[in-house]
Amino acid sequence: MPKRATKHWLMKSEPDVYSIDDLERDGRESWEGVRNYQARNFMREMVEGDLVIFYHSNAKPPGAAGVGRICRKAYPDETQFNKNSKYYDPKSKKEAPRWSLVDVEFVEKFGGPVSLQALKDDPALEG
């Protein structure tokens, strides 16, 4: 069976919540609290070794801040079951969890933000 090619993903975070500097400091972190079905489905496709562009949203200026790597494939996000968590989902059940997360590890920090337009305009990133 042929080996699956490495996929590349865009993951965004507000830098005042969790930044590329935080990921660099921590080395590895769980990407918890995603409550968007399309993003959840993408995370369920991610496997160890896939690369992510770490994007700072709601920043001035917004842009790609660095690179991370998926270091653990999707598994249930336990915050969905915690009534004290802001990510609690009363409709999610342990036997059929709605929400997943992945673990991401730090790879590289860019010298400055790379705009979304620059990413879109780069032919090497097409598709």
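For the structure, check the block above.
Residues numbered from 1 in each chain as written. Predicted model: local features only at pLDDT ≥ 70, side-chain atom pairs only at ≥ 80, totals over all residues. Heavy atoms only, no water.

Enquirer: What is the right way to read the overall build of the chain from this model?
Expert: Counting its secondary structure elements, the chain contains three helices and five strands. In sequence order, the secondary structure elements of the chain are arranged as β-α-β-α-β-β-β-α. Relative to the compact-globule value of 14 Å for 127 residues, the chain shows a C-alpha radius of gyration of 15 Å, a close match. With the principal axes as the frame, the chain shows a C-alpha extent of 45 × 45 × 25 Å. Taking all 127 residues of the chain together, 34% fall into the buried category. (Helix = DSSP H or I, 4+ residues; strand = E, 2+ residues; numbered from the N terminus. Rg over C-alpha atoms; globule rule 2.2 N^0.38 Å. Buried < 20%, exposed > 50% of the residue type's maximum accessible area, 1.4 Å probe, protein only.)

Enquirer: Got a minute to help me understand the pairing of strand 4 (residues 63–76) in this structure?
Expert: Each regular strand carries side chains that alternate between the two faces of the sheet. Examined bridge by bridge, strand 3 (residues 51–56) and strand 4 share six bridges and lie antiparallel to one another. Residue pairing for strand 4: Val52 is matched across the bridge by Gly68. Counting the residues between successive antiparallel strands, the hairpin from strand 3 to strand 4 contains six residues, one of them, Asn58, with a positive phi of roughly 50 degrees. Two strands pair when backbone bridges link them, and strand 4 and strand 5 (residues 100–114) are joined in this way by nine bridges, in the antiparallel orientation. Residue Arg72 lies in a different strand from strand 5, and its bridge partner there is Asp103. (Pairing = 2+ DSSP bridges.)

Enquirer: Would you explain the sheet that holds strand 5 in this entry?
Expert: Within a sheet, each strand pairs with its neighbour through backbone hydrogen bonds, oriented either parallel or antiparallel. In spatial order, the strands read 1-3-4-5-2; together these five strands make up an open sheet with mixed pairing. Of all the strands in the sheet, the pair left with one neighbour each is strand 1 (8–13) and strand 2 (28–30). Ignoring strand direction, the axes of neighbouring strands in this sheet form an average angle of 35 degrees. Against the sheet, helix 2 (residues 37–45) engages strand 1, strand 4 and strand 5, with an angle of about 95 degrees to strand 5. (Axes fitted to C-alpha atoms, helices over the stretch in contact; angles between N-to-C directions. Contact = heavy atoms within 4.5 Å.)

Enquirer: What exactly am I supposed to notice about the pattern of salt bridges here?
Expert: Note that side chains of opposite charge can pair when their charged atoms are close. Applying the stated criterion to the full structure yields ten salt bridges. With its nearest N and O atoms 3.7 Å apart, the salt bridge here joins Lys7 to Glu45. With Lys7 in the segment before strand 1 and Glu45 in helix 2, the pair connects residues that are 38 residues apart, well separated along the chain. Accessibility expressed as a relative area gives 35% for Lys7, which makes it partly exposed. (Salt bridge = Lys/Arg side-chain N within 4 Å of Asp/Glu carboxyl O.)

Enquirer: Quick question: what am I supposed to make of the environment of Leu10 here?
Expert: As for its placement among the helices and strands, Leu10 is situated in strand 1. Separated by 58 residues in the primary sequence, Leu10 and Gly68 place their C-alpha atoms 9.8 Å from one another. Ignoring anything within four residues of it in the chain, the contact list for Leu10 reads Ile53 and Tyr55.

Enquirer: I'm lost on the nonpolar core in this one. Help?
Expert: Within soluble globular proteins, side chains that are nonpolar generally end up buried alongside one another. If you look at the biggest cluster of nonpolar residues, it comprises 17 residues, and the most contacted ones within it are Met11, Trp31, Met43, Met46, Ile70, Val102 and Val104. Non-local contacts of Ile70, meaning those with residues more than four positions away in its chain, are made with Met11, Met46, Val47, Glu48, Gly49, Asp50, Val52, Val102, Asp103 and Val104. (Core = buried A, V, L, I, M, F, W, Y, C linked by side-chain atoms within 4.5 Å.)

Enquirer: Could you clarify how one ought to interpret the layout of surface pockets in this entry?
Expert: Over the atoms, a rolled probe matching the size of one water molecule traces out where space is still vacant. The volume enclosed by the largest pocket comes to roughly 1100 Å³. Around the largest pocket, the lining is made up of 33 residues, and of these Leu10, Met11, Lys12, Trp31 and Ile53 lie nearest the centre. Those elements that provide at least two residues to the lining of the largest pocket are strand 1, strand 2, helix 2, strand 3 and helix 3 (116–121). Among the residues making up the lining of the largest pocket, the classes are represented as 20 nonpolar, seven polar and six charged. (1 Å grid on protein atoms, 1.4 Å probe; cavity = no way out; pocket = protein on both sides within 12 Å on 5 of 7 lines; lining within 4 Å. Points joined across faces, edges and corners; volume = space filled by probe spheres on them. Nonpolar A, V, L, I, M, F, W, Y, C, P; charged D, E, K, R; others polar.)

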